[in-house]
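# Tertiary structure, described
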Amino acid sequence: MTSIKRIAYGEKNMRKIIFLLLTLAAIVGMLAPFLGETHYYSSSLSLRKFSSYEELKGFLNASSQAIPRYGAEFLSATSQSRSAFEASTTWGYSTTNIQVEGVDEADIIKTDGEYIYIISERNVTIVKAYPAEEARILSQISLNGTLKGAFINGDRLVIFEENPSSYGTTKTFIKVYDVSNRESLVLKRDISLSGYYFNSRMIGDYVYAIINQPTYYQEKEVILPKIYSGDEAEEISAQDIYYSDVADYYYECTTVTAINVQNDEQKPTYEPFLLGGTSAMYVSLNNIFIAVPVSERTSIHRIHIENGEIKYEASGEVPGYVLNQFSMDEYEGYFRIATSTGQLSWRLEEATSQNHVYILDMNLNIVGRLEDLAPGEKIYSARFMGNRCYLVTFKKVDPLFVI
């Protein structure tokens, strides 16, 4: 039997030691049974590709969702990060906090235990850090754009750089440096995409980046995303773009691209998707789940990844909005997500907010649900760990749910 425990305590103690359980309030429910054929989104309604540029243009014109101006900029979501200690038999060093083992996340500081790689504003600095008596700055380079994050993979350093382009749009550069000589960096790959950086992950030797370009017109024509590699430029074809008939208040092209950071001759792979504004993503060793908020619900799209190959697999939806990447998880062939619906209010009787946990299969059909948790509150933080979900909801007192 799946149970939920809600532990309520004051804000002050909550923030000091969240896992000190002071008062057991109640056992408030159990996970609902499997729903059989009932689900919110049928796999038969999966994304499909445009047959032509004219169809893509007609789709945007009919829905009146394309942004009719030269360019559009949106704030990209940033992944939360903190340090975690990684011990060995002799010595250890801090690494970026990651959600899934084996799936690295970009950060503004990276280390391999001997060197520290720091990005700050427009500068990249490499510091000799170990042993301490040899600590010194080895090299520093300055770039033109805004630096968003970095990965270190052996002797390869990957940098994400955003740079304004023409017509007020943005271009994202993925630069791969050979740092075998830490005092002299050598640029080995310089790949760029039109659009702004949303997020990225590194699995093995492959970096997977998500780049978003809002739809916009130039001289009454829809501008499609482009990928640049060296002196070559490739415009993404309309026939390659997946799309959904789900209406949204604006559309943007989300391009998932994969780059081998150790093999300079291997061409990048990519898949483009015409979706609403991406709010969060969760990445396992084999799947990217993209969450897109649409009218009090969240559309979810599963994209399979393996050794640089990218393949769209399924779409589904759940009621409510997701807080961030930690509100999502893949476990033993199922996708789990925690969402909130409704609005908060200082007057409890006026609040409509509720919270929910949904279980989906790999076709993104809902097979289990637990709904209407903590009426009048919203999810403040969430974590999935093994067969348990931990939720903290918030309004005045912060309760912790263990599901």
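Residues numbered from 1 in each chain as written. Predicted model: local features only at pLDDT ≥ 70, side-chain atom pairs only at ≥ 80, totals over all residues. Heavy atoms only, no water.

## Details of the overall build of the chain
Counting its secondary structure elements, the chain contains two helices and 35 strands. Put simply, the chain has 403 residues, and 51% of those count as buried. Taking as baseline every contact in the chain between residues at least 6 positions apart, the subset at least 24 positions apart corresponds to 54%. By element, 50% of the accessible surface of the chain is carried by carbon and sulfur atoms, the whole surface being about 19300 Å². (Helix = DSSP H or I, 4+ residues; strand = E, 2+ residues; numbered from the N terminus. Buried < 20%, exposed > 50% of the residue type's maximum accessible area, 1.4 Å probe, protein only. Contact = heavy atoms within 4.5 Å. Areas by Shrake-Rupley, 256 points an atom, 1.4 Å probe, with all protein chains shown as cover.)

## As for a negative patch on the surface
Residues D231, E232, E234 and D240 make up a contiguous surface patch of negative charge. Inspection of the secondary structure puts D231 in the loop between β19 (226-229) and β20 (232-235). (Patch = residues over 30% accessible without salt bridge, like charges linked within 9 Å, V, L, I, M, F, W, Y side chains within 5 Å. Salt bridge = Lys/Arg side-chain N within 4 Å of Asp/Glu carboxyl O. Lys, Arg positive; Asp, Glu negative; His and termini not counted. Charge placed at Lys NZ, Arg CZ, Asp CG, Glu CD.)

## Let's talk about the pattern of salt bridges
On inspection of all chains with the given rule, the structure shows 13 salt bridges. Note that D112 is salt-bridged to R182, the shortest N-O span being 3.5 Å. Highlighted residues: D112 in the loop between β7 (109-111) and β8 (115-120) and R182 in the loop between β13 (170-178) and β14 (186-194), separated in sequence by 70 residues. For R182, a relative accessible area of 10% corresponds to the buried category. Close ionic contact of E371 with R369 constitutes a salt bridge, the shortest N to O distance being 3.8 Å. Residue class for R369 comes out buried when judged on its relative accessible area of 15%.

## Digging into the pairing of strand β25 (residues 287-293)
With six of its seven residues buried, β25 lies for the most part within the structure. Relative to β25, strand β24 (residues 280-283) is paired through four bridges, and the arrangement is antiparallel. Bridge assignment links Y282 to a residue of β25, and that residue is F289. Between β24 and β25, which pair antiparallel and follow one another directly, the connecting turn spans three residues. With seven bridges joining them, β25 and strand β26 (residues 297-306) adopt antiparallel strand pairing. Paired with A291 across the bridge in β26 is I300. (Pairing = 2+ DSSP bridges.)

## Topic: the sheet that holds β8
The pairing of strands in a sheet happens through backbone hydrogen bonds and is either parallel or antiparallel. If you trace the four strands from one edge of the open sheet to the other, you get β7-β8-β9-β10, paired in antiparallel fashion. With partners counted over all chains shown, the strands left at the sheet margins are β7 and β10 (136-142), one partner each. Averaged over neighbouring strand pairs, the angle between their axes works out to 15 degrees when direction is ignored. Bridge count between β7 and β8: three bridges; the pairing is antiparallel. In the sheet register, K110 faces β8, and the bridge partner there is Y117. (Axes fitted to C-alpha atoms, helices over the stretch in contact; angles between N-to-C directions.)

## Quick look at the sheet that holds β20
Read from one edge of the open sheet, six strands run β11-β12-β13-β14-β19-β20, paired in antiparallel fashion. The open sheet has two edge strands, β11 (146-153) and β20, and neither has a second partner. Between one strand axis and the next, the sheet turns through 15 degrees on average, direction left out of account. The pairing of β11 with strand β12 (residues 156-164) spans seven bridges and is antiparallel. Paired with G149 across the bridge in β12 is F160.

## Examining the nonpolar core
Among the nonpolar cores identified, the biggest contains 39 residues, and I288, F335, I337 and L360 are the most heavily contacted of them. Among the elements that make up this core, the one with the highest residue count is β25 (five residues). When residues no more than four places from it in sequence are discounted, the contact partners of I337 are I300, V318, V322, S327, M328, H356, V357, Y358, L360 and F384. If you look at the next biggest cluster of nonpolar residues, it comprises 31 residues, including A106, V207, A238 and Y243. (Core = buried A, V, L, I, M, F, W, Y, C linked by side-chain atoms within 4.5 Å.)

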